[in-house]
Amino acid sequence: MIDEIKQAAQARMIKALDALASNFNKIRTGRAHPSILDGIQVSYYGNDTPLSQVANISVEDARTLSLTPWEKNLVPEIEKAIMKSDLGLNPSTAGAVIRIPMPMLTEETRRNFTRQAKSEAEHARVSIRNNRRDALAEIKALMKEKAISEDDERRAGEEIQKLTDKYVAEVEQAFAAKEKDLMEI
């Protein structure tokens, strides 16, 4: 019973780390990376569709993304969607290929992106702590039902705290790496 609760808590903590990694990928650094465009939706026959499902996205060089739409008539829609996004990107079209140069980051935008990354890291830490709280509540409920002893409850609580500390440390490492990446010129 206790092992199942610990495994479930650990699985949820890992999901929080995965979500953090995905959110960090959306915060752009000075380099071109296809995941920067993950949140962009394109109007495709009246439906909002993720950009990655209507075009091939590739990295042309360190500072340029290249998009090749599956259908040529989507080029203006894709350009419009990129311009509307709050990423500050200006696509340029050459026939059926859309190139997106990554602008240099100013000191101010670097600081703003770092603040955004710090906020995402804090959300991940809170999520991990909430998972700890839920697991401890489940263990307390088991003790109230007399399914486990007080010693088992205390031991399980310590193990869950160790898991929490481990994943919070991983969040800290991920944030430190992202911050270093953002502040790098």
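Residues numbered from 1 in each chain as written. Predicted model: local features only at pLDDT ≥ 70, side-chain atom pairs only at ≥ 80, totals over all residues. Heavy atoms only, no water.

**Topic: the environment of aspartate 152**
Stage number 1. Secondary-structure assignment places aspartate 152 in helix α4 (residues 150–183).
Stage number 2. Spatially, the C-alpha atom of aspartate 152 lies 8.5 Å from that of isoleucine 2, the residues being 150 residues apart in sequence. (Helix = DSSP H or I, 4+ residues; strand = E, 2+ residues; numbered from the N terminus.)

**Notes on the packing of aromatic side chains**
Each aromatic ring pair is summarised here by two numbers: the centre-to-centre distance and the angle between the ring planes.
Stage number 1. Per the counting criterion, the structure on display carries one aromatic pair.
Stage number 2. Ring centres of tyrosine 44 and tyrosine 45 lie 4.8 Å apart, and the angle between their planes is 65°; this geometry places the pair in the edge-to-face category.
Stage number 3. According to the relative accessible area criterion, tyrosine 44 is partly exposed, its value standing at 25%. (Phe/Tyr/Trp six-rings, centres within 6.5 Å; stacked < 30°, edge-to-face > 60°. Buried < 20%, exposed > 50% of the residue type's maximum accessible area, 1.4 Å probe, protein only.)

**Quick look at the pattern of salt bridges**
Stage number 1. Following the criterion strictly, the structure yields 13 salt bridges and no others.
Stage number 2. Note that arginine 154 and aspartate 151 form a salt bridge whose closest N and O atoms lie 4.0 Å from each other. Within this pair, arginine 154 and its partner aspartate 151 are both found in helix α4, separated by three residues, close to a single helical turn.
Stage number 3. Between glutamate 158 and arginine 154 there is a salt bridge, with the nearest N and O atoms lying 3.4 Å from each other. Residue glutamate 158 and its partner arginine 154 are located together in helix α4, separated by four residues, close to a single helical turn.
Stage number 4. What you see here is one network of salt bridges that share partners, running through Glu122, Arg125, Arg129 and Glu172. (Salt bridge = Lys/Arg side-chain N within 4 Å of Asp/Glu carboxyl O.)

**Observations regarding α4**
Because the α-helix completes a turn every 3.6 residues, residues three or four places apart line up on one side.
Stage number 1. The terminal C-alpha atoms of α4, which comprises 34 residues, lie 49 Å apart, in line with the 50 Å expected from a rise of 1.5 Å per residue.
Stage number 2. Among the residues making up α4, those that are buried are Glu153, Ala156, Gly157, Ile160, Leu163, Thr164, Tyr167, Val168, Val171, Phe175, Lys178 and Leu182. (Expected span 1.5 Å × (residues − 1).)

**Structural notes on the pairing of strand β2 (residues 47–50)**
Stage number 1. Of the pairings in the sheet, the one linking strand β1 (residues 41–44) to β2 comprises four bridges and is antiparallel in character. Bridge assignment links serine 43 to a residue of β2, and that residue is aspartate 48.
Stage number 2. Where β1 folds back on β2, the antiparallel hairpin that results is connected by two residues, among which tyrosine 45 adopts a positive phi of roughly 50°. (Pairing = 2+ DSSP bridges.)

**Overview of the side chain of serine 66**
Stage number 1. Counting through the fold element by element, serine 66 comes out in strand β4 (residues 64–69).
Stage number 2. With residues up to four places along the chain from it excluded, the contact list for serine 66 reads Asn56, Ile57, Ser58, Glu60, Val97 and Ile98. (Contact = heavy atoms within 4.5 Å.)

**Here's the deal with the sheet that holds β4**
Stage number 1. Across the sheet, four strands lie side by side as β3-β4-β6-β5; this open sheet has antiparallel pairing. Strand pairing shows two members of the sheet lacking a second neighbour, β3 (55–61) and β5 (92–94), which therefore form its edges. For this sheet the average axis-to-axis angle between neighbouring strands, irrespective of direction, equals 25°.
Stage number 2. Examined bridge by bridge, β3 and β4 share six bridges and lie antiparallel to one another. Looking across to β4, one finds that aspartate 61 is bridged to threonine 64. (Axes fitted to C-alpha atoms, helices over the stretch in contact; angles between N-to-C directions.)

**Considering the packing of helix α3 (residues 107–144) against α4**
Stage number 1. The interhelical angle for the contact between α3 and α4, taken along N-to-C directions, is 170°, at an axis separation of 10 Å. As judged from the angle between their axes, α3 and α4 are roughly antiparallel.
Stage number 2. Of the residues contributing to the contact of α3 with α4, the split by class is 17 nonpolar, four polar and twelve charged. (Parallel < 35°, antiparallel > 145°, perpendicular 65-115°, else oblique. Nonpolar A, V, L, I, M, F, W, Y, C, P; charged D, E, K, R; others polar.)

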